[in-house]
Structures are given as structure tokens and as C-alpha cells.
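What follows is the residue order along each chain.
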Amino acid sequence: METLPTSIRYVRSEESPTMAPPVSTGGVGGWLKENLFASTRDTILTIVTALFLLWIIPPIIDWAFISAVWTGDSREACLGPGTGACWAFVEAKFGQFIYGRYPIEERWRVNLSGLLLIAGLVPIAIPSVPYKRENALYLLVVFPILAFILLTGQFGLEPVETALWGGLLVTLVVAIVGIVVSFPLGILLALGRRSEMPIVKMFSVIFIEFWRGVPLITVLFMSSVMLPLFLPDGVTFDKLLRALIGVALFSSAYMAEVIRGGLQAIPKGQYEAANAMALTFWQGTRLVIMPQALKLVIPGIVNTFIGLFKDTSLVLIIGLFDLLGIVQQNMNDQNWISPATPATGFVFAAFVFFIFCFGMSRYSAYMERRLDTGHKR
């Protein structure tokens with residue numbers, strides 16, 4: 001092998017090395033001064049924020065924990081003077097908040113479905129776990145079939161009508177189906193809107209603009225009330241199925257625009273590189289273009305998922321009692337009506353929504369860091 005000349009092999013960079021950020025050596029006091037009291041403005045903001053927290057946090061702690069009622073059999077336990085949160089109400093109604101009116105003796109099927117979902121999500125969410133293709137096949141094909149059999153009652157199981165479903169069960173079913181369906185459909189619509197074929201492009205544009213221009217409440221109302229009017233006599237759709245279709249189509253339009261933004265951010269040279277490698281359109285899209293586009297719009301995709309998860313509460317408009325709907329319904333239980341019951345129920349529902357949404361947000365941030373979407377220059 002021919003070696004390079006010494007003058008070339010030992011060229012040293014004249015660029016100055018990257019300077020590491022200064023590290024505070026003053027301990028806790030130095031950190032406080034550097035981050036909270038570095039200037040007059042920072043000092044004022046720190047003091048104002050501290051006073052606000054001292055004003056708002058103690059009453060919240062008192063209401064939620066110190067003065068709260070943790071046990072009880074009726075509203076009488078939550079009617080005392082100075083009573084805080086009525087957690088006894090949440091404890092008494094917890095089963096309905098999770099399962100709705102699903103038969104108590106059959107709730108093991110819901111629990112088993114949840115375990116099967118977790119068994120598929122955990123391996124596919126951890127990058128170091130192998131067999132991603134098999135996990136994806138399980139989540140997209142095997143699990144939906146098993147969940148349908150368990151939840152509806154097939155092959156000898158006691159049938160359970162979807163009218164009895166409710167609570168967190170309905171929230172998760174609507175959200176998961178909407179996410180799983182809207183993502184691939186959104187990819188196809190984004191590609192269709194950028195297509196050079198006039199018919200495909202026109203169909204994609206009309207579909208996206210129509211669903212983006214209609215409120216989700218209207219979509220749910222139309223799917224529940226108006227759709228049966230256009231069906232032949234004797235042909236009916238399950239109410240939950242109508243909601244699932246409406247939510248999936250609505251979300252796919254927003255997902256398409258998010259993904260289209262990622263496609264537009266891909267440099268033209270990437271398309272030319274795919275063509276130079278003699279890849280077909282679908283090969284280049286699958287192997288070169290789409291992975292880069294999806295990486296760029298991870299925040300937008302997860303933001304759409306979070307919005308979809310919160311929008312599931314709108315299914316109450318068509319008579320489906322999701323988590324928020326079942327909480328509101330139980331607030332009217334004569335046995336539990338008290339001044340503290342509504343606030344406690346809403347705080348519980350908000351906490352559950354926060355756990356799921358915050359989890360999706362943190363996983364999104366983790367994937368951004370792992371994939372290095374910062375595009376350092």
C-alpha cells in the first residue's frame with residue numbers, strides 16, 4: 001500500500017478545540033448564584049416565583065392529602081367542615097372508572113388484554129430488544145385479534161356488548177385504534193398529496209382539507225346519527241365502531257400534514273441519491289426518504305398522538321362513556337353528591353390523562369436524543 005507523504009500525514013488542525021462550558025466550583029451556593037441570582041432580573045423572577053409557589057402549594061397539599069377523606073361508604077364521609085378531596089369517592093367508583101359497566105366477573109378479560117398489550121409494547125419500545133419485526137407483527141396483527149376475541153366475547157366466551165364498555169377501557173381503545181390507523185393512512189395521504197399523478201393528488205388534497213375543516217364533534221355526531229340514515233334497512237354499525245372510524249379518518253388528515261412537512265424538509269439530493277442507486281419509487285421512499293422524514297417530525301407526530309388521546313373525551317357526545325364521561329356520570333350518584341366530589345373526580349381524570357400524555361412526551365424526547373434529530377452543523 002502506498003503511504004502518504006509525511007507533510008500530509010501529520011497535518012494538524014489549526015482550529016481551536018471546542019471549549020467546554022465553565023463548571024461552577026462553588027457548590028450549592030455557586031449553582032444558586034449562577035442559575036437563580038445571576039442578575040437583578042433573575043433575582044426578581046426567582047423571588048416572585050418562590051412567593052407564588054409558597055402561596056399555591058400549601059393549600060393544594062392540604063386539600064389533596066392532609067384534609068382529604070380516604071375512606072368512606074357514602075357522601076356523609078365527605079361532608080364535614082374543612083373537608084378536602086373525597087378520595088373515598090374515587091375508591092368506591094374505581095372499577096367503573098377503569099372498566100365502565102363491563103361485567104365484574106368478566107373484567108379479567110380486560111386485564112388480560114392490557115397485559116398482552118404491554119407484553120408487545122415494552123419490547124418494541126426498548127431499542128436494545130431484538131426481533132422488532134416479530135414484535136411489530138404481534139402488535140399489528142396478533143394482538144388486535146386476541147383483544148377483539150377477549151373483549152367482545154368469542155369462541156365460547158360470554159358476549160359483552162360495546163354499550164357496556166366505558167371508562168379508561170374506551171379511552172384506550174379509541175386512542176390506540178386511532179393512532180394505529182391514522183399513522184399509515186397519514187403516510188399514504190402525505191405521499192399522495194406530493195404525487196405527480198393528478199387524480200391521486202386531487203383525492204388526497206380533498207380528503208385532507210375536508211377532514212381538517214370539520215370539527216371532531218361534528219364528525220362523531222355525523223357518524224353516530226347521520227350515517228345510519230344512508231344505510232340500507234337492516235344494516236347497522238356498532239356505535240363504538242362508528243366512533244373509531246370517524247376518529248381514525250379525522251386524525252389521519254392531521255397526521256398527513258405533519259408527515260408532509262417532514263418530506264418537504266428532505267433535501268433534493270436525497271431523492272437524487274435514491275434515483276442514482278436505481279431504486280424504485282417505493283424502495284427509495286421506504287429505505288431513504290421516509291426514515292429521514294419521520295425522524296424530522298417526531299415532535300409533530302407525538303403531538304398529534306397526544307391531541308388524539310385527549311380528544312377521546314369527545315365521544316361522550318354520542319353516548320360513549322370514556323374516562324371523563326364515566327367520572328361525570330358518577331358525580332350525579334345520589335350516594336356520593338358532595339361539594340368535594342366534582343373537583344376530586346376531575347383531578348383524578350386529569351391525573352390519568354397526564355400520566356399517559358407525559359409518558360408519550362418523554363418517550364418522544366428520548367427517541368429524539370437517540371436519533372440525534374438536532375442536525376448539528
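If you're wondering where the values come from, they're calculated on a predicted model, not measured in any experiment.

About the cut-offs
Residues numbered from 1 in each chain as written. Predicted model: local features only at pLDDT ≥ 70, side-chain atom pairs only at ≥ 80, totals over all residues. Heavy atoms only, no water. Helix = DSSP H or I, 4+ residues; strand = E, 2+ residues; numbered from the N terminus. Rg over C-alpha atoms; globule rule 2.2 N^0.38 Å. Contact = heavy atoms within 4.5 Å. Areas by Shrake-Rupley, 256 points an atom, 1.4 Å probe, with all protein chains shown as cover. Lys, Arg positive; Asp, Glu negative; His and termini not counted. Charge placed at Lys NZ, Arg CZ, Asp CG, Glu CD. Patch = residues over 30% accessible without salt bridge, like charges linked within 9 Å, V, L, I, M, F, W, Y side chains within 5 Å. Salt bridge = Lys/Arg side-chain N within 4 Å of Asp/Glu carboxyl O. Buried < 20%, exposed > 50% of the residue type's maximum accessible area, 1.4 Å probe, protein only. Disulfide = S-S within 2.5 Å. pLDDT = per-residue confidence, 0-100. UniProt positions renumbered as here; feature names shortened; annotations may be inferred. Axes fitted to C-alpha atoms, helices over the stretch in contact; angles between N-to-C directions. Parallel < 35°, antiparallel > 145°, perpendicular 65-115°, else oblique. Left-handed = near helix turned anticlockwise from the far one by under 90°. Core = buried A, V, L, I, M, F, W, Y, C linked by side-chain atoms within 4.5 Å. Polar contact = N/O pair within 3.5 Å; in protein donor to acceptor, adjacent residues only side chain to side chain.

S.K.: Could you give me a rundown of the overall build of the protein, with the residues and numbers involved?
M.R.: Summing up its helical and strand segments, the protein has 15 helices and zero strands in all. Scaling as 2.2 N^0.38, a compact globule of 377 residues should have a C-alpha radius of gyration of about 21 Å, whereas the protein reaches 27 Å, well beyond that. In terms of its C-alpha atoms, the protein occupies a principal-axis envelope of roughly 90 × 70 × 40 Å. Relative to all contacts within the protein whose residues are 6 or more apart in sequence, the contacts with residues 24 or more apart total 68%. Carbon and sulfur atoms make up 68% of the accessible area of the protein, which amounts to about 23500 Å² in all. Computing the positive centroid from 27 side-chain charges and the negative centroid from 25, the protein places the two 8 Å apart.

S.K.: Any details on a nonpolar patch on the surface? Residues and values, ideally.
M.R.: There is a patch of nonpolar side chains on the surface, built from L137, L140, V141, V142, I145, L146, I176, V180 and V181 and spanning about 700 Å² of accessible area. Per element, the largest residue contribution to the nonpolar patch is six residues, and it comes from helix α6 (residues 132–152). One can find V181 in helix α7 (residues 168–193). Residue V181 is classed as partly exposed on the basis of its relative accessible area of 35%.

S.K.: Go over unusual backbone geometry, please, and point to the residues and values.
M.R.: A positive phi angle, close to 60 degrees, is found at Y131, a residue other than glycine. Take Y131: it is sitting in the loop between α5 (107–125) and α6. For Y131, a relative accessible area of 61% translates into the label exposed. Phi at F155 takes a positive value of approximately 55 degrees, unusual for a residue other than glycine. Note on placement: F155 falls in the loop between α6 and α7. The class for F155 is exposed, based on a relative accessible area of 75%.

S.K.: Got a sec to walk through the pattern of salt bridges? Specific residues and values, please.
M.R.: By the definition in use, this model includes eight salt bridges. A salt bridge links R109 to E106; its shortest N-O distance comes to 2.7 Å. No difference in accessibility class separates R109 from E106, as the two residues are buried. In this structure, R193 and E257 form a salt bridge, with 3.1 Å as the shortest nitrogen-oxygen distance. You can see R193 sitting in helix α7 and its partner E257 sitting in helix α10 (residues 239–264), a full 64 residues away along the chain. Like E257, R193 is buried. Because the salt bridges share partners, they merge into one network encompassing R193, E209, R212, E257 and R260.

S.K.: Go over the state of the cysteines, please, and point to the residues and values.
M.R.: All chains considered together, the criterion is met by one disulfide. Through a disulfide, C78 is tied to C86; the S-S separation comes to 1.9 Å. Between C78 and C86 the sulfur-sulfur dihedral comes to about 60 degrees; the bridge is accordingly right-handed. When sorted by exposure, C78 lands in the same class as C86, which is buried.

S.K.: Go over the confidence of the model for the protein with me, naming the residues and quoting the values.
M.R.: Low-pLDDT portions of the prediction should not be read for the details of their coordinates. Residue-level pLDDT values for the protein average 90, and 92% of them are 70 or greater. This stretch, residues 4–20, has a pLDDT under 50; its non-local contacts, to residues over four places away or in other chains, come to one contact.

S.K.: Please set out the side chain of S224 residue by residue, giving values where relevant.
M.R.: Of note, S224 is situated in helix α9 (residues 216–226). Not counting chain neighbours up to four residues away, the residues in contact with S224 comprise K239, R242 and I318.

S.K.: Talk me through the UniProt feature "transmembrane region" (unreviewed entry) in the protein; I want residue IDs and the actual numbers.
M.R.: The sites that UniProt annotates as "transmembrane region" (unreviewed entry) are residues 43–66, 110–129, 136–157, 163–189, 210–231, 243–263, 296–321 and 341–360. Segment residues 296–321 splits into 58% helix and 0% strand. End C-alpha atoms: 36 Å apart.

S.K.: Please give an account of the packing of α10 against helix α13 (residues 298–311) that cites residues and values.
M.R.: Packing of α10 against α13 brings their axes to within 10 Å, and their N-to-C directions diverge by 160 degrees. In this view, α10 runs roughly antiparallel relative to α13, as classed from their interaxial angle. Between α10 and α13 lies a crossing of right-handed hand. Seen from α10, the contacting residues are V247, S251, Y254, M255 and V258; seen from α13, they are G300, I301, T304, F305 and L308.

S.K.: Pulling in residues and values, what's your account of the nonpolar core?
M.R.: Formed by 74 residues in total, the largest nonpolar core has its most connected members in F97, Y102, W165, L263 and L323. With eleven residues, α7 is the single largest residue contributor to this core. Counting residues in each nonpolar core, the second largest holds five residues, with L117, Y138, L139 and F143 among its members.

S.K.: If you had to explain the environment of W165 to someone new, which residues and values would you point to?
M.R.: With respect to the element layout, W165 can be found in the loop between α6 and α7. On the basis of relative accessible area, W165 is assigned to the buried category, the value being 8%. Along the primary structure W165 and I104 are separated by 61 residues, whereas in three dimensions their C-alpha atoms are 12 Å apart. If we skip the residues at most four places from it in the chain, W165 touches Y99, Y102, L151, T152, V160, V170, V173, L240 and F321. In this structure the side chain of W165 is engaged in a polar contact, spanning 3.4 Å, whose partner is the backbone oxygen of E161.

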